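Topology and contacts: notes
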Amino acid sequence: MKKGWVVLIAVVVVLLLIIGRVVGIYNSLVTLEEGVNQSWAQVGNQYQRRADLIPNLVETVKGYASHERETLEGVIQARANATSLNVTPEVLNDPAAFAKFQQVQGEISTALSRLMAVVENYPNLKANENFLALQSQLEGTENRIAVERQRFNQTVQSFNTRIRQFPTNIFAGMFGFGKKLYFEAQEGAEIAPKVEF
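Bear in mind the structure is a predicted one, so any value in this text is a computation, not a measurement.

Below, the discussion takes up the environment of Arg 50. Considering the arrangement of structural elements, one finds Arg 50 in helix H1 (residues 2–64). Given a relative accessible area of 1%, Arg 50 falls into the buried group. For the pair Arg 50 and Glu 142, spaced 92 residues apart in the sequence, the C-alpha separation amounts to 7.6 Å. In this structure Arg 50 touches Gln 105, Ile 108, Ser 109, Leu 112, Leu 138, Thr 141, Glu 142 and Ile 145, once residues within four positions along its chain are discounted. Among the polar contacts listed, one links the side chain of Arg 50 to the side chain of Gln 105, at a separation of 2.5 Å.

Overall, the coordinates contain seven aromatic pairs when judged by the stated rule. Both rings, one in Tyr 26 and one in Phe 177, keep their centres 5.7 Å apart while their planes meet at 65 degrees; by these two values the pair is edge-to-face. Separated by 151 residues along the polypeptide, Tyr 26 in helix H1 and Phe 177 in the segment after helix H6 (168–174) bring together distant segments of the chain. Residue Tyr 26 is classed as partly exposed on the basis of its relative accessible area of 34%. Residues Trp 40 and Phe 152 carry aromatic rings whose centres are separated by 5.5 Å and whose planes lie at 50 degrees to one another, so their mutual orientation is tilted. Here Trp 40 is found in helix H1, whereas its partner Phe 152 is found in helix H5 (residues 129–164), with 112 residues between them in sequence. As far as the burial class goes, Trp 40 and Phe 152 line up, both buried. Here the aromatic residues Trp 40, Tyr 47, Phe 98, Phe 101 and Phe 152 are joined through ring pairs into a cluster of three or more.

With that out of the way, let us pick up the pattern of salt bridges. Inspection of every chain in the model, using the stated rule, returns three salt bridges. Between Glu 142 and Arg 50 there is a salt bridge, with the nearest N and O atoms lying 2.9 Å from each other. Residue Glu 142 is located in helix H5, and its partner Arg 50 is located in helix H1; the two are separated by 92 residues in the primary sequence.

Reading the values: rules and limits
- Residues numbered from 1 in each chain as written.
- Predicted model: local features only at pLDDT ≥ 70, side-chain atom pairs only at ≥ 80, totals over all residues.
- Heavy atoms only, no water.
- Helix = DSSP H or I, 4+ residues; strand = E, 2+ residues; numbered from the N terminus.
- Buried < 20%, exposed > 50% of the residue type's maximum accessible area, 1.4 Å probe, protein only.
- Contact = heavy atoms within 4.5 Å.
- Polar contact = N/O pair within 3.5 Å; in protein donor to acceptor, adjacent residues only side chain to side chain.
- Phe/Tyr/Trp six-rings, centres within 6.5 Å; stacked < 30°, edge-to-face > 60°.
- Salt bridge = Lys/Arg side-chain N within 4 Å of Asp/Glu carboxyl O.

Structural data, given as structure tokens:
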């Protein structure tokens, strides 16, 4: 009878160790996924900051460059397109929604680049304190966006690496943890923009 109890205790200990390992893997995946969601929220936060600055920038430029209506309307339309998207962590699991998000953010960047090129033609505007402050804020925001996108990609890399490693990949599939998408450079980003007046 003693031998039976020893075997039973050994089996229970082994089962507890296995269950403990599975729970540990699951909890580490949850932690990594929440890290991805937090990084995503920071990216969204910086995009929102940019969207909030754009109306002020546009209004300042309007006062000086009212005949550059098409460029200003392009910026306004790009902002409207970007703010109409609902940016939730679920976007990370939908390649089409993620691509759409990247596309509209790229449109804002392109429109702002055109606006800054137009501004070069208006020396009074460049000297205006309000415009300089807004331009500085926008440049800082663009840098913050780049940093947050980099951090996001690093967090996604950690998550994706972890769910592909053995034996975690088995449990990741069982518990529904899937690969997250990276931010990628906008098509044509490797080509320097051409500014013509």
